[in-house]
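Read off the chains here:
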Amino acid sequence: MGKSVQKITENVSLIASTDTWIEGLAIQQLIKTSELIGMQRVAGMPDLHPGRGYPIGAAFFTTNRIYPALVGNDIGCGMSLWQTSAKVSKVNLDKLAKKFAHVEQPLDGNWAESVKARKLEKGITTNGYDQAFGTIGGGNHFAEFQAIDEVYDQEALNELGLNKKHLQLLVHSGSRGLGQSILVEHVTKYNHEGLIIDTEKTYDNGFQDYIDKHDEAVRWAELNRELIAKRFLEAIQANGDCVLDINHNLVSSKNIDGCDGWLHRKGATPSDKGYVVIPGSRGDYSYLVKPLADNETNAENVNMSLFSLAHGAGRKWKRGECHSRLSHKYKREDLYRTALGSRVVCGNKELLYDEAPQAYKKCETVIRDMLDAGLIEVIAKLKPVLTFKTNGSCSS
């Protein structure tokens, strides 16, 4: 199995070495989730941490029913990476940090036609959340300009069209209030019991209704990241191309070991969708990696990981306790700059502390566990240049 793959129970695995710190409550939640009706297998990633009843940084494979609560409220949350035309050598951090005064406001009328056209192209019919399009939201969401710090596979970088001389833009966001409304509606009707898959009565039991709305929320989240990226590029007067876009909160049909079922991911990056970025905290490196989902040598580990990877560094501390842990060491002004020399834009005091680099694990340890498990190859290491959280008016 490899030293970074642990078998916790017969149907629970953990992609992490025994040296990797994982909070005990997260393991308890992982095991508890494996006991749900219809649950076949559960896999925790090296960034596993506790959530509200269900762990974050995990994948869950079911048959006969799906569990909307496992996907959570931010359906379609994920990351997109954009190659920009802005040159790293031209960056002036003081000037750059001042360019984003309007990126949290609702998109103005100049965007109306392009948003309408893109919604039509992506089959998005809901209109109730259009005012949130192009906005990041709170929590751990961000837009970050990055520089390629080290290259380990130039050929792969060329294949993706990435240029080390230019800034990259990584966007992390999701379906905003739309996903929340879908989850609340279904939990209100069906509690946390899950939705039984009945091909003859799919709308009677809520399954198909949820799937239809879930799939639209995923497309909504993808468009949201696209609009966020475009308005940040507009703010710095640059062009850009989307290199990859990956969702890590969703449920989709999947055949694993000859069994047809449904794979839920909550804070887990798919390893069967091509290249992905595993981000660190705002004061840490991110990593562009190539998943090895079709690696026959490590097929057992790939299956045990449920074709999933970590979606980031993973929290060490709970939100809400970070200020008390850090305020005696760091003034607010200290957190606007990182040890890597990057800049942080965050006008919300609570968020500034909750998302401080110290609240997260080192991304390098998460990457090492996945390397040891034979799940990835590292293509490049990305260094933060400027991380935008909020000017102070963000909402979750």
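Residues numbered from 1 in each chain as written. Predicted model: local features only at pLDDT ≥ 70, side-chain atom pairs only at ≥ 80, totals over all residues. Heavy atoms only, no water.

**Student:** When you look at the overall build of the chain in this model, what are you seeing that I'm missing?
**Tutor:** Along the backbone of the chain there are eleven helices and 18 strands. On C-alpha atoms alone, the chain measures out to a radius of gyration of 20 Å, which is about the 21 Å that the 2.2 N^0.38 rule sets for 396 residues. Expressed along its principal axes, the backbone C-alpha trace of the chain runs to roughly 55 × 50 × 45 Å. Within the chain, the proportion of its 396 residues that are buried is 56%. Look at the contacts in the chain between residues 6 or more apart in sequence, and 77% of them connect residues 24 or more apart. Approximately 17,100 Å² of the chain is accessible, and the part contributed by carbon and sulfur atoms is 47%. For the chain, the distance from the average position of its 48 positive side-chain charges to the average position of its 49 negative side-chain charges is 7 Å. (Helix = DSSP H or I, 4+ residues; strand = E, 2+ residues; numbered from the N terminus. Rg over C-alpha atoms; globule rule 2.2 N^0.38 Å. Buried < 20%, exposed > 50% of the residue type's maximum accessible area, 1.4 Å probe, protein only. Contact = heavy atoms within 4.5 Å. Areas by Shrake-Rupley, 256 points an atom, 1.4 Å probe, with all protein chains shown as cover. Lys, Arg positive; Asp, Glu negative; His and termini not counted. Charge placed at Lys NZ, Arg CZ, Asp CG, Glu CD.)

**Student:** Is there a simple way to explain the sheet that holds strand 2 (residues 12–14) in this structure?
**Tutor:** Sheets are built from strands paired through backbone hydrogen bonds, the pairs being either parallel or antiparallel. The strand order 1-2-3-4-12-11 describes an open sheet built from six strands, whose pairing is mixed. Of all strands in the sheet, those with a lone pairing partner are strand 1 (6–9) and strand 11 (249–256), marking the two edges. On average, adjacent strands in this sheet sit at an angle of 20° to one another, irrespective of strand direction. Sheet analysis places strand 11 next to strand 12 (residues 259–266), joined by eight bridges and oriented antiparallel. Residue Val251 lies in a different strand from strand 12, and its bridge partner there is His264. Here helix 1 (residues 24–33) sits on the sheet in contact with strand 1, strand 2, strand 3 (39–49) and strand 4 (56–62), set at roughly 165° to strand 3. Contacting strand 11 and strand 12, helix 7 (residues 207–235) runs over the sheet at an angle of about 115° to strand 11. (Pairing = 2+ DSSP bridges. Axes fitted to C-alpha atoms, helices over the stretch in contact; angles between N-to-C directions.)

**Student:** Sorry if this is basic, but what is going on with the side chain of Arg65 here?
**Tutor:** When you line up the elements, Arg65 lands in strand 5 (residues 65–66). Although Arg65 is buried, it forms no salt bridge, and the closest oppositely charged side chain is Glu193 at an N-O distance of 5.4 Å. Among all residues touching Arg65, those that are not within four sequence positions of it are Ile37, Glu193, Leu195, Ile196, Ile197 and His264. (Salt bridge = Lys/Arg side-chain N within 4 Å of Asp/Glu carboxyl O.)

**Student:** What am I meant to see in the packing of helix 6 (residues 176–190) against helix 7 here?
**Tutor:** A pair of packed helices can be characterised by two numbers: the angle between their axes and the separation between those axes. Where helix 6 meets helix 7, the closest approach of the two axes is 9 Å, and the angle between their N-to-C directions is 165°. By the criterion of interaxial angle, the relationship of helix 6 to helix 7 is roughly antiparallel. As helix 6 runs across helix 7, the sense of the crossing is left-handed. Between helix 6 and helix 7, the contacting residues are Arg176, Leu178, Ile182, Glu185 and His186 on the first element and Asp209, Tyr210, Lys213, His214, Ala217, Trp220 and Asn224 on the second. (Parallel < 35°, antiparallel > 145°, perpendicular 65-115°, else oblique. Left-handed = near helix turned anticlockwise from the far one by under 90°.)

**Student:** Help me understand unusual backbone geometry, please; the structure alone is not making it clear to me.
**Tutor:** Glycine aside, residues mostly have negative phi angles, and peptide bonds mostly take the trans form. For Asn64, which is not a glycine, the phi torsion comes out positive at approximately 75°. Overall, Asn64 belongs to the exposed group, its relative accessible area being 55%. Even without being glycine, Leu306 reaches a positive phi, approximately 55°. Mapped onto the elements of the fold, Leu306 is located in the loop between helix 8 (299–304) and strand 16 (308–310). A relative accessible area of 0% places Leu306 in the buried class.

**Student:** Got a minute to help me understand the side chain of His172 in this structure?
**Tutor:** Along the chain, His172 turns up in strand 8 (residues 166–173). Take His172: its relative accessible area is 3%, and that puts it in the buried class. A distance of 3.1 Å separates a polar side-chain atom of His172 from the backbone oxygen of Asn140. Residues contacting His172, with those up to four places away along its chain left out, are Cys77, Gly78, Met79, Ile136, Asn140, His141, Phe142 and His248. (Polar contact = N/O pair within 3.5 Å; in protein donor to acceptor, adjacent residues only side chain to side chain.)

**Student:** I would appreciate a short explanation of the nonpolar core in the present structure.
**Tutor:** Side chains of a nonpolar character, in soluble globular proteins, are inclined to be buried together. With 60 residues, the main nonpolar core has Leu162, Leu288, Val289, Ile367, Met370 and Ile376 as its most contacted residues. Examining the composition of this core, we find that five residues originate from one element, strand 18 (residues 376–390), more than from any other. Leaving out residues up to four positions away in the same chain, Leu288 has contacts with Leu157, Leu160, Leu162, Leu244, Tyr275, Val276, Val277, Glu377, Val378, Ile379 and Ala380. (Core = buried A, V, L, I, M, F, W, Y, C linked by side-chain atoms within 4.5 Å.)

**Student:** Looking at this structure, how should I read the pattern of salt bridges?
**Tutor:** Opposite charge on two side chains allows them to pair when their charged atoms are near. Tallying each qualifying case throughout the model produces 20 salt bridges. Put simply, Lys381 and Glu150 hold a salt bridge, and the shortest N to O gap is 3.2 Å. Taken together, the residues span a long stretch of sequence, with Lys381 in strand 18 and Glu150 in strand 7 (residues 142–151) at a distance of 231 residues. Here Lys381 falls in the buried class, since its relative accessible area comes to 12%.

**Student:** Looking at this structure, I do not really get the packing of aromatic side chains. What am I missing?
**Tutor:** In this description, an aromatic ring pair is defined by two values, namely the gap between the centres and the angle between the planes. Here the structure, examined in full by the defined rule, presents six aromatic pairs. On the numbers, 6.0 Å between centres and 25° between planes, the contact of Phe100 with Phe145 is stacked. One end of the pair, Phe100, is in the loop between helix 3 (93–96) and helix 4 (112–121); the other, Phe145, is in strand 7, with 45 residues separating them in the sequence. Its relative accessible area of 0% is what places Phe145 among the buried residues. With 5.3 Å between their ring centres and 70° between their planes, Phe232 and Phe388 make a pair best called edge-to-face. Taken together, the positions of Phe232 in helix 7 and Phe388 in strand 18 put the pair 156 residues apart, joining distant regions of the chain. (Phe/Tyr/Trp six-rings, centres within 6.5 Å; stacked < 30°, edge-to-face > 60°.)

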